[in-house]
Number of protein chains: 2
Amino acid sequence: MKALGKHVVAEFYECDLNAINDVAKVEELMLEAAKRTNATIVDSIFHSFNPYGVSGVIVIAESHLAIHTWPEYKFASVDIYTCGDTVKPWIAYEYLKSAFSAHNISVIEMKRGIMSSYDGELNHKASLKEISNE
Amino acid sequence: MKALGKHVVAEFYECDLNAINDVAKVEELMLEAAKRTNATIVDSIFHSFNPYGVSGVIVIAESHLAIHTWPEYKFASVDIYTCGDTVKPWIAYEYLKSAFSAHNISVIEMKRGIMSSYDGELNHKASLKEISNE
């Protein structure tokens, strides 16, 4: 099965509030997580909500990382979506698991952009000429 | 089962290249999709890659939308993650499905931040006082 990307979907329950309640701290941890995967960071947005809660996304050349925190539930929801073989999403997962001191976790990995069932069948791969004409 | 969010994970195969190859067009479509869900848009990043491919994320007050396109495979990978009852992620899905003219689609909805199994058991909900002390 050939897939373009790996998407780690992690739900961190019972987190350390110090790690998920402050926008600057969350941004620092997420950027460090992204760097540790070997990703190339393109841009990021981090935002704090009133009265509390943080949302943040990091666009990487290899897809994205995202986080939403609910301090009132000690909960942080994280997506680590990477493509290519050189970037390792699970390194970011392990780093954040430790940084958030999460006591309960639900995590899965999804394959994104599964190509094998189409190859040779539907000939859906665009020719480079077709793209360059756009 | 009480969940904080809904996350629609959509894989759009065999898309119209005109809709997924141009960063301005992708941004326009994604922002329109976000608006149609009734979300409050906080900020967004859209980026085009060399030689082609677009990545974009929109932070909404109710979580985020993200897209990555592989024009060489006529493929667009979309995440629509919302929380609360007033924002409707499937409206964005339907809009993008049509806008991309996708001929093959794989789509699932994940519940994010499932709380029911913890309520009353682990008492993991932080008190407001605890948070305000951070």
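Each remark here, short or long, concerns the structure printed above.
The numbers attached to residues start from 1 for each chain and follow its sequence in the written order. Think of it this way: whatever chain is written first is A, whatever ligand is written first is 1, and the rest follow in order. In view of the model being predicted, local features appear only for residues whose pLDDT reaches at least 70, and side-chain atom pairs are presented and counted only at 80 or more, with totals across whole chains, interfaces and linings using the full set of residues. Side-chain measures here rest on the full set of heavy atoms in the structure, leaving out hydrogens and waters.

### So, the nonpolar core
Thought 1: With 30 residues, the main nonpolar core has F12, L96 and F100 of chain A as its most contacted residues.
Thought 2: Looking at this core, the elements that each hand over two or more residues are strand 1 (3–13), helix 1 (17–20), helix 2 (23–36), strand 3 (54–60), strand 4 (63–70), strand 5 (75–83) and helix 3 (89–100) of chain A.
Thought 3: Labels follow the DSSP assignment, with helices taken as runs of H or I lasting at least four residues and strands as runs of E lasting at least two, numbered in each case from the N terminus. Tallying contributions element by element places helix 2 of chain A first for this core, with six residues.
Thought 4: We define a nonpolar core as any set of buried Ala, Val, Leu, Ile, Met, Phe, Trp, Tyr and Cys residues linked to one another through side-chain atoms lying within 4.5 Å. For every residue, the accessible area obtained with a 1.4 Å probe (protein chains only) is divided by the maximum for its type, and the residue is called buried under 20%, exposed over 50%, and partly exposed between those limits. In this structure, A34, I58, I67 and F100 of chain B belong to the second largest nonpolar core, which totals 29 residues.

### Observations regarding helix 2 of chain A
Residues and elements named next belong to chain A.
Thought 1: Expected span of a helix: the number of residues minus one, times 1.5 Å. The first and last C-alpha atoms of helix 2 sit 20 Å apart over 14 residues, in line with the 20 Å expected at 1.5 Å per residue.
Thought 2: Every buried residue belonging to helix 2 is among V26, L29, M30, L31, A33 and A34, and all of these are buried.
Thought 3: Throughout, a residue-residue contact means that at least one pair of heavy atoms, one from each residue, lies within 4.5 Å. Looking at the buried residues of helix 2, the elements they touch are helix 1, strand 2 (41–48), strand 3, strand 4 and helix 3.
Thought 4: Directly after helix 2, the chain includes N38, whose backbone phi takes a positive value near 85°.

### Notes on the relation of the copies chain B and chain A
Thought 1: Superposing copies: least-squares fit, C-alpha atoms only, residues required to have pLDDT of at least 70 in both. Rotating chain B by 180° about the axis while translating it 0.0 Å along that axis superimposes it on chain A, leaving an RMSD of 0.0 Å. Such values leave the two copies arranged in the relation of a two-fold axis. When each C-alpha of chain B is compared by its distance to the rotation axis, V57 of chain B comes out closest, at 3.6 Å.
Thought 2: Most of the interface of chain B is mirrored in chain A, where 100% of its interface residues are also at the interface.

### Thoughts on the packing of aromatic side chains
All names here are of chain A.
Thought 1: Pairing of aromatic side chains here covers Phe, Tyr and the six-membered ring of Trp, requires ring centres within 6.5 Å, and sorts the geometry by plane angle: under 30 degrees stacked, over 60 edge-to-face, intermediate tilted. Scanning the entire structure with this criterion turns up 10 aromatic pairs over all chains.
Thought 2: Between F12 and F100 the ring centres are 5.6 Å apart and the planes differ by 80°, which places this aromatic pair in the edge-to-face class. Here F12, found in strand 1, pairs with F100, found in helix 3; they are 88 residues apart in sequence, far enough to count as distant. A single burial state applies to F12 and to F100, both of which are buried.
Thought 3: Here a set of aromatic residues connected by ring pairs shows up, and it is made of F12, W90, Y93 and F100.

### A closer look at the pattern of salt bridges
Thought 1: Salt bridge, as used here: a side-chain nitrogen of Lys or Arg that lies within 4 Å of a carboxyl oxygen of Asp or Glu. Overall, the coordinates contain eight salt bridges over all chains when judged by the stated rule.
Thought 2: A salt bridge links K111 of chain A to E109 of chain A, with the nearest nitrogen and oxygen atoms 2.8 Å apart.
Thought 3: Its relative accessible area of 37% is what places K111 of chain A among the partly exposed residues.
Thought 4: The residue E11 of chain B makes a salt bridge to R112 of chain A at a minimum N-O spacing of 3.0 Å. Taken together, the residues E11 of chain B in strand 1 (residues 3–13) and R112 of chain A in strand 6 (residues 104–114) connect one chain to another.

### Some details on the pairing of strand 2 (residues 41–48) of chain B
Residue and element names in this part refer to chain B.
Thought 1: Pairing between strand 2 and strand 3 (residues 54–60): seven bridges, direction antiparallel. Across the sheet, S44 pairs through a bridge with I58, a residue of strand 3.
Thought 2: What sits between strand 2 and strand 3 in their antiparallel hairpin is a turn of five residues, with G53 showing a positive phi close to 115°. For two strands to be treated as a pair, DSSP must find no fewer than two bridges joining them.

### Brief notes about the sheet that holds strand 3 of chain B
Residues and elements named next belong to chain B.
Thought 1: Pairing is antiparallel in the open sheet, where six strands are placed in the order 2-3-4-5-1-6. Of all strands in the sheet, those with a lone pairing partner are strand 2 and strand 6 (104–114), marking the two edges. Across the sheet, the axes of successive neighbouring strands diverge by a mean angle of 10°, strand direction being ignored.
Thought 2: Where strand 1 and strand 5 (residues 75–83) come together, eight bridges link them in antiparallel fashion. Bridged to V9 within strand 5 is D79.
Thought 3: Here helix 2 (residues 23–36) sits on the sheet and contacts strand 2, strand 3 and strand 4 (63–70); the angle it forms with strand 2, its principal contact strand, is near 155°. Here the axes come from fitting lines to C-alpha atoms, over the contacting stretch only for helices, and the angles between their N-to-C directions go from 0 to 180 degrees.

### A look at the interface of chain B and chain A
Thought 1: Taken residue by residue, the interface counts 55 residues in chain B and 55 residues in chain A.
Thought 2: What counts as buried area is the accessible surface, traced by a 1.4 Å probe, that two parts surrender upon association, with contributions from both included. Counting each side, the surface lost to burial between chain B and chain A is near 4700 Å², with a carbon and sulfur contribution of 65%.
Thought 3: Looking at the side of chain B that touches chain A, the elements that each hand over two or more residues are strand 1, helix 1 (17–20), strand 2, strand 3, strand 4, strand 5, strand 6 and helix 4 (128–132) of chain B.

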